[in-house]
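Architecture and fold: a report
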Amino acid sequence: MTQPEPGTGDDALGEAERALVEICREVLRVDLGPDDRLPDLGTRSILIIEIAVRLQDRLGADVPLETLLEGRTVRGLAEAVVEARSEAAPR
Amino acid sequence: MDRPDIHLLAVGTSLPGPAVDNATLAARFGLPRAWEQWIDTFVGTRSRHYAIDLETGERRYTLADLAEAAGRRALAAAELDPAEVDVVVMSTSSPDMLMPATVNVVADRLGVDGVPTFQLQSGCAGAVQALEVAAQMLRCGPHRRALVLGGDTSAKHFDVGMRAPDVPMEAQVNGLLFGDGAGAAVLGTGPAYGSPVLRGVFTRLVGRDRSPGQTVEWFSWGDRTMDRPPVTEDFKAVEESAPRMAAEALDEVLDGVGWKKSDLDYLLPPQLSARMTERVLEELDAPGAEPVSRVLEIGNTGNAIPYFQLEQVLPRLADGDRLAGVSVEASKWIKAGYALEMAAH
């Protein structure tokens, strides 16, 4: 499956936010808004990796573990996703 | 009637192919950095060996191949001709086929014939079960030499076409926790200078009214379209129960031989993962005993585990040294343990 090219600016952030909300619904079974923090899963939770794998698969975003565990809001994580995607994009 | 001493005369092991590290697995299955970081931190196991080719899925070694190699090494180290083997016992949770049993394929290849053979279908306590059965056969019959074998391969559980997002995370973690491998030991009665004596061995099912911590299905024509996952693992249940069960197993084996923890020179703990081994060792609380652990490099080799540990420690044993090994099986919950002592004569 080819991954969508990362967009620019608000498009990219919005896309990342929407993907995160969907992923959190699937993996964590919670409906989150952009300003909601991810529930505290505990650092050892395997669910964090479920999220990471889906971010990689759907958006080509390789977000480091420590970023996922920082307690960011959905929007904050979306920013990390956008950054990770732009790092991965071919130049 | 005097019960003869049972000596562990030799051990042999076999690992397929190269060590496969976490980075290689992550790259092969397109997994993100976070996955690798999580594994490094919370699982700890660094590498393992596979009987299949990770790229193609081709099975390069069968369990029979690995067990044969291990058996050959053990027989050679014991300077024992296959014709002198009186009984063969093998344990595994992953036989190549249900019929013929892998133990009989291996016996055939090694040139062992005309003797009783037993295959134990078992998880991580299997090697100790095999030890117990072989020891009893040596004690109760005219038998003098036993070949004991154990091993597992994950070949049947591996779908090299799998896409990480489609596979339950527990199954992925399983895939890197476990490693393929086989081991063998030669046991004998009668004087055998310079080899450790099996002072005690026990296994005990403690699974009444408990849900399994692991399940593994087998399929045939009738249920090929089965919807249930072929393998499940309840890591939480394992983490909650395994350390305590291991501690109980150590207490039981030590009580059985009249030793205290402080008598132990070496301790061979369960090997689910590097992190779990650390936690179990804390629970076992035998600081004077040196732990013998291979899990970091070869993963959880199931029915082969004690052979790999014994291989490491046997050359180091001095007269009077005492060691205890402990296993916990998290399917229907089995505690097991054994004690060896390097007798001076």
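Reading guide: rules and limits
- Residues numbered from 1 in each chain as written.
- Chains lettered and ligands numbered in written order.
- Predicted model: local features only at pLDDT ≥ 70, side-chain atom pairs only at ≥ 80, totals over all residues.
- Helix = DSSP H or I, 4+ residues; strand = E, 2+ residues; numbered from the N terminus.
- Rg over C-alpha atoms; globule rule 2.2 N^0.38 Å.
- Buried ≥ 20, exposed ≤ 12 C-beta atoms within 10 Å, placed from the backbone.
- Contact = placed C-beta atoms within 7 Å.
- Pairing = 2+ DSSP bridges.
- Right-handed = clockwise from strand over helix to strand, strands pointing away.
- UniProt positions renumbered as here; feature names shortened; annotations may be inferred.
- Core = buried A, V, L, I, M, F, W, Y, C linked by C-beta atoms within 7 Å.
- Arc of directions from axis to C-beta.
- Nonpolar A, V, L, I, M, F, W, Y, C, P; charged D, E, K, R; others polar.

As recorded by an unreviewed UniProt entry, chain B carries the name 3-oxoacyl-ACP synthase and is attributed to Actinomadura spongiicola.

1. Points about the overall build of chain B
The secondary structure content of chain B amounts to 10 helices and 14 strands. Expected size for 345 residues packed as a compact globule is a radius of gyration near 20 Å; at 19 Å, chain B falls within 12% of this value. Projecting the C-alpha coordinates of chain B onto the three principal axes gives extents of approximately 60 × 45 × 40 Å. Within chain B, the proportion of its 345 residues that are buried is 51%. Long-range pairs, those at least 24 residues apart, make up 81% of the contacts in chain B with a sequence separation of at least 6.

2. Quick word on the overall build of chain A
The helix and strand tally for chain A stands at four helices and zero strands. Reading chain A from its N terminus to its C terminus gives the helix and strand order α-α-α-α. The proportion of buried residues among the 91 residues of chain A is 33%. Put simply, of all contacts in chain A between residues at least 6 apart along the chain, 61% involve residues at least 24 apart.

3. As for the pairing of strand β5 (residues 117-121) of chain B
Residue and element names in this part refer to chain B. Of the strand pairs in this sheet, strand β4 (residues 87-92) and β5 are connected by five bridges, and their pairing is parallel. Its bridge partner being in β5, M90 is matched across the sheet by Q119. Regarding topology, helix α4 (residues 102-110) serves as the crossover connection from β4 to the parallel β5, and that connection is right-handed.

4. Points about the UniProt feature "domain: Beta-ketoacyl-[acyl-carrier-protein] synthase III N-terminal" (unreviewed entry) in chain B
UniProt tags residues 118-194 of chain B as "domain: Beta-ketoacyl-[acyl-carrier-protein] synthase III N-terminal" (unreviewed entry). The span residues 118-194 of chain B is 31% helix and 27% strand, and its two end C-alpha atoms sit 28 Å from each other.

5. Structural notes on the nonpolar core
Ranked by size, the top nonpolar core spans 129 residues in total, and within it A:V81, B:V148, B:A185 and B:L187 carry the most contacts. For this core, the element with the highest residue contribution is helix α3 (residues 63-77) of chain B, accounting for eight residues. Look past the residues within four positions of A:V81 in its chain and what remains in contact with it is A:A16, A:L20, A:L55, A:L59, A:A61 and A:V63.

6. A word on helix α8 (residues 274-284) of chain B
Residue and element names in this part refer to chain B. Within the span of α8, buried status applies to A274, M276, T277, V280 and L284. Looking straight down α8, one finds its buried side chains confined to an arc of 155°; they lie on one side. Buried positions along α8 lie against α2 (33-43), α7 (235-257), β11 (266-268) and α9 (295-298). Looking one or two places after α8, you find D285, whose phi comes out positive at around 50°.

7. Focus on the environment of B:A247
Residues and elements named next belong to chain B. Mapped onto the elements, A247 comes out in helix α7. Judged by the 19 C-beta atoms lying within 10 Å of it, A247 is partly exposed. The spatial distance from the C-alpha of A247 to the C-alpha of E282 is 9.5 Å, given a sequence separation of 35 residues. Not counting residues within four places of it along the chain, the set of residues in contact with A247 comprises E283 and L284.

8. A word on the interface of chain A and chain B
Tallying the contact residues gives 16 residues for chain A and 13 residues for chain B. The greatest single-element share of the side of chain A that touches chain B, amounting to nine residues, is contributed by helix α2 (residues 47-59) of chain A. For the side of chain A that touches chain B, the class distribution of residues is 10 nonpolar, one polar and five charged.

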